[in-house]
Amino acid sequence: MASDLQIVTGRSFRKCIDVSNQLWQKISFWSKASDIEFDDGENAETKLGAIRGITADLNTTETGYAADMMALTQLNSKLVNIERLIQENTNHISALDTRVTNAINGGSLVAPFSENLLLYPYTNIVTHSGGDVTIANNGTNGFSYNFNNGTYSRTNTIGRKWNKGVRVDTKSKLNFSFTLTGTNASDATPLIQVVNSGGSVLLQQSSYSGTISLSSLNGQTVFIQIQCTCYRTGVAGLATFTFSRIEITNK
């Protein structure tokens, strides 16, 4: 390249096509993909020419297509379902093995299990008085809730309930770990609660991580939920729950 040659980009020129009516055409310079150079020295044809398009079809068998984010979301959902099925099958196999072994040896017929509740459907809890609260960034491992208007004084109950019921025994326990960031000084520490199918609280603990023994609930089917009472006066903002571990196990 000659030392006195300057590269000019983003330029166009105008052409008058009707003087009396002041009509103009804006004309931009056209370039071939092979003439457009990236900072790494490759041209657009080399870098992007192999991409034939973007698709959300998970069943496509043609090469050269990039995945749309909707396709990736669908794929992630399928992977979560597969992981849940693997966990359930592992528990079934473990249960059968334990029953057979202990039936032979005269031991307990209660099978070991672990249920990762983060793999199961859930319902977000949002109740409030005054103002507006909306959910954002909703997903398996957490969500955000937004106080849209800081004008009002209101008390809000925010949280999540997992819809998977688990029948517990004398060895069962709940292992949990989560965070809540972006809260107001008036907000209470969240409660992690063990409830029955009717929603009645059987056990609860005010903590972000730990273990709760479920032995006193032997034979019952329980559900897990987390709730936080939040109070706002003239403050708008965003707070975020992040769930690392919500597991019921008897191991």
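As the structure is a computational prediction, the values presented were derived from the model and not from experiment. (Residues numbered from 1 in each chain as written. Predicted model: local features only at pLDDT ≥ 70, side-chain atom pairs only at ≥ 80, totals over all residues. Heavy atoms only, no water.)

Here we take up unusual backbone geometry. A positive phi angle, close to 55°, is found at Gln22, a residue other than glycine. Structurally, Gln22 is set in the loop between β1 (12–18) and β2 (23–28). (Helix = DSSP H or I, 4+ residues; strand = E, 2+ residues; numbered from the N terminus.)

Let us now look at the environment of Leu119. Relative to the helices and strands, Leu119 is located in the loop between β5 (114–116) and β6 (122–128). Here Leu119 falls in the buried class, since its relative accessible area comes to 8%. Along the sequence, Leu119 and Ser77 sit 42 residues apart, while their C-alpha atoms lie 9.9 Å from each other. If we skip the residues at most four places from it in the chain, Leu119 touches Val80, Glu83, Arg84 and Gln87. (Buried < 20%, exposed > 50% of the residue type's maximum accessible area, 1.4 Å probe, protein only. Contact = heavy atoms within 4.5 Å.)

Together, Leu58, Met69, Leu72, Leu75, Leu79, Ile82 and Ile86 make up an exposed nonpolar region whose accessible area comes to about 650 Å². Here Leu75 is to be found in helix α2 (residues 69–105). Residue classification places Leu75 among the partly exposed residues on the basis of a relative accessible area of 40%. (Patch = residues over 30% accessible without salt bridge, like charges linked within 9 Å, V, L, I, M, F, W, Y side chains within 5 Å. Areas by Shrake-Rupley, 256 points an atom, 1.4 Å probe, with all protein chains shown as cover. Salt bridge = Lys/Arg side-chain N within 4 Å of Asp/Glu carboxyl O.)

Attention now goes to the confidence of the model for the protein. On average, residues of the protein score 80 in pLDDT, and 82% of them reach the 70 mark or higher. Mean pLDDT across the elements of the protein ranges from a minimum in α2, with 74, to a maximum in strand β14 (residues 209–213), with 96. (pLDDT = per-residue confidence, 0-100.)

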